Amino acid sequence: MGKKIFKRSAAILLASHFIIPQVFAAQCEYKIVDSWGGGFKGEISITNDGDVNLDGWNVAWAYTNGETLRNTWSATVAGGNPYSAEALSWNKVIRPGRAVTFGFVGISPNGPATVVNVTGDVCSNSGQSSSGSSVFSSASSIPSSPSSSQQSSMSQSSVQSSTQSSVVSSVSSSEVSSVQVSSASESSSSVAAPAVLWSLDNEASSLHFSTTKKIHIVENMSFSRLSGAVTAEGVASLTIDLTSIQSGIDIRNTRMQNLLFQTDTFSDAKVTLPIDLDDLSQLAVGNIQEFTITAELDLHGVTQNITTSLKISRLTDSKIMVKNTAPILIVADDYSLDSGVEALRSVANLSSIGKVVPVDFTLFYNAL
Ligand code: UQ8
């Protein structure tokens, strides 16, 4: 049924393509969101300024000052220099007025990282209407929320309204009409952020982890400031304020913030995942259900997927509890935390510090 609608609307679009020239109206923007000695965190956003869905995107960019990328997220990034990025299954459709953002961490050995141009079919029409027309689909073919069976992780920031007006690149004025090049801030004024349906209750929620030193000494630590939401688009999130570390010793809190998490640059860790709101709506008050999920954890500028099992309990109509079924094992090296752990080991004069850290949480979400 859905396929029929899709085929019909695709046929209408195809037919209309020969009558009305297809307008490409995406702005591709490269931004440096953070930088530090020899490194940087960047983002590329693609904002659909047209009035039909943009279905599929692929962009490219090249560095001129020796920058190279180390970690990327929310896109399939390929190449050395130039680099290219292709949409993942969950973020290939960009609705009118919406933006998709993907990110990366890189090194910049020759001084501060530079802002570069982004190119791609979706970034301008530049006479490529035939290849470009295939990336637009009718709005009716787009599911309203991601399916829980999608294995790729979803970042809340991946589908968002863009409020940035800085450094819009790749849509050169010679290639596009003035209609297409509206600024991202202009387009964002008419775009509402995804509606938040559930909000994390920080007072009730907790997240603990255990550390090991000198082989046998295990200690429990936690974070006291957690926030998060579940949106109408089916994206659940958890943000951990890393400056709220509770290690039991003040000087240790400070050292872990400065030397390990580097909170001046990476103040939060963020977990995001797609959830199936329809599945959850079947969960009756008093019932518990186990789900296997894949989430994205963005920690210390590195994003990794975590697949784990969660127990979700509906406590009341307006309160849901989420617990991990088994400890989630975080390996410090996977998030480029190994040099920080080594620095702490040496400052504290310890013979060893374990690099595998079990994490447990109990989260409560209240309906808004
Ligand atoms: C409708 C409705 C509401 C539905 C909701 C349904 C739903 C499914 C919601 C989803 C909820 C959700 C968001 C679920 C999340 C799922 C997942 C996958 C969560 C992942 C959580 C996670 C793993 C978070 C990471 C937390 C984190 C940042 C932990 C820190 C880990 C590390 C690496 C710590 C380093 C510890 C270390 C090595 C310390 C070294 C150290 C030691 C040992 C020491 O002794 C010492 O003192 C001398 C030090 O000195 C300073 C040390 O540094």
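Remember, it's a predicted structure, so these values are computed and weren't measured experimentally.

Rules behind the numbers
- Residues numbered from 1 in each chain as written.
- Predicted model: local features only at pLDDT ≥ 70, side-chain atom pairs only at ≥ 80, totals over all residues.
- Heavy atoms only, no water.
- Helix = DSSP H or I, 4+ residues; strand = E, 2+ residues; numbered from the N terminus.
- Contact = heavy atoms within 4.5 Å.
- Polar contact = N/O pair within 3.5 Å; in protein donor to acceptor, adjacent residues only side chain to side chain.
- Salt bridge = Lys/Arg side-chain N within 4 Å of Asp/Glu carboxyl O.
- Disulfide = S-S within 2.5 Å.
- Buried < 20%, exposed > 50% of the residue type's maximum accessible area, 1.4 Å probe, protein only.
- pLDDT = per-residue confidence, 0-100.
- Pairing = 2+ DSSP bridges.
- Phe/Tyr/Trp six-rings, centres within 6.5 Å; stacked < 30°, edge-to-face > 60°.

Caption draft 1: Spatial organisation of the environment of glutamate 290. Among the structural elements, glutamate 290 can be located in strand 21 (residues 288-299). Along the backbone, glutamate 290 and leucine 310 are 20 residues apart, and their C-alpha atoms lie at a distance of 5.6 Å. Apart from the residues within four sequence positions on either side, glutamate 290 is in contact with Ser309, Leu310, Lys311 and Thr325. Side chain to side chain, glutamate 290 and serine 309 meet in a polar contact 2.7 Å long.

Caption draft 2: Focus on the pattern of salt bridges. The final tally for this structure, using the stated rule, is eleven salt bridges. Residues joined by salt bridges that share partners form a network here, namely Arg95, Arg98 and Glu233.

Caption draft 3: Geometry of the state of the cysteines. Scanning the model with the defined rule gives one disulfide in all. What pairs with cysteine 28 in a disulfide is cysteine 123, and their sulfur atoms sit 2.0 Å apart. With the S-S dihedral at roughly -100 degrees, the linkage between cysteine 28 and cysteine 123 falls on the left-handed side. Here cysteine 123 lies in the loop between strand 10 (118-119) and helix 2 (129-133) and cysteine 28 lies in strand 1 (residues 26-36), a separation of 95 residues in the sequence. Both residues of the pair, cysteine 28 and cysteine 123, count as buried.

Caption draft 4: Here's a closer look at unusual backbone geometry. The amide bond that connects asparagine 81 to the next residue, proline 82, takes the cis arrangement and shows omega of 5 degrees. By the secondary structure assignment, proline 82 is in the loop between strand 6 (76-79) and strand 7 (83-86). Positive phi values are uncommon outside glycine, yet isoleucine 215 reaches one of about 65 degrees. Classification of isoleucine 215 by relative accessible area gives exposed; the value is 63%. Its identity is not glycine, yet asparagine 349 carries a phi of approximately 55 degrees, on the positive side. Its place among the elements puts asparagine 349 in the loop between helix 6 (338-347) and strand 25 (356-367).

Caption draft 5: Structural context of the confidence of the model for the protein chain. Here the protein chain averages 77 in pLDDT, while 74% of its residues score no lower than 70. This model gives residues 1-22 a pLDDT under 50, and the stretch forms 16 contacts once residues within four places in sequence are excluded. Confidence drops under a pLDDT of 50 for residues 126-190, and excluding neighbours within four residues, the segment shows 145 contacts in the predicted structure.

Caption draft 6: The pairing of strand 20 (residues 268-274), seen in detail. Most of strand 20 sits out of view: five of its seven residues are buried. Two elements, strand 18 (residues 235-241) and strand 20, share seven bridges in a ladder whose sense is antiparallel. Across the sheet, residue serine 237 finds its bridge partner in strand 20, namely threonine 272. In this structure, strand 20 lies alongside strand 21, joined through three bridges in antiparallel fashion. For valine 271, the partnering residue across the bridge sits in strand 21 and is leucine 297.

Caption draft 7: Quick peek at the packing of aromatic side chains. Scanning the entire structure with this criterion turns up ten aromatic pairs. Between tyrosine 30 and tyrosine 63, the aromatic rings sit 6.1 Å apart at their centres with planes inclined by 75 degrees, giving edge-to-face as the arrangement. Placement of the pair is tyrosine 30 in strand 1 and tyrosine 63 in the loop between strand 4 (58-61) and strand 5 (68-73), with a sequence separation of 33 residues. An identical accessibility class is assigned to tyrosine 30 and tyrosine 63; each is buried. Members of the aromatic cluster, joined through ring pairs, are Tyr30, Trp57, Trp61, Tyr63, Tyr83, Phe102 and Phe104.

Caption draft 8: Region of the structure containing the environment of serine 313. Tracing the chain through its elements places serine 313 in strand 22 (residues 302-316). In this structure serine 313 comes out as buried when scored by relative accessible area, which is 7%. Through-space distance from the C-alpha of serine 313 to that of alanine 284 is 8.8 Å; in sequence the pair is 29 residues apart. Setting aside residues no more than four positions away along its own chain, serine 313 makes contact with Leu283, Asn287, Ile288, Lys319, Ile320 and Met321.

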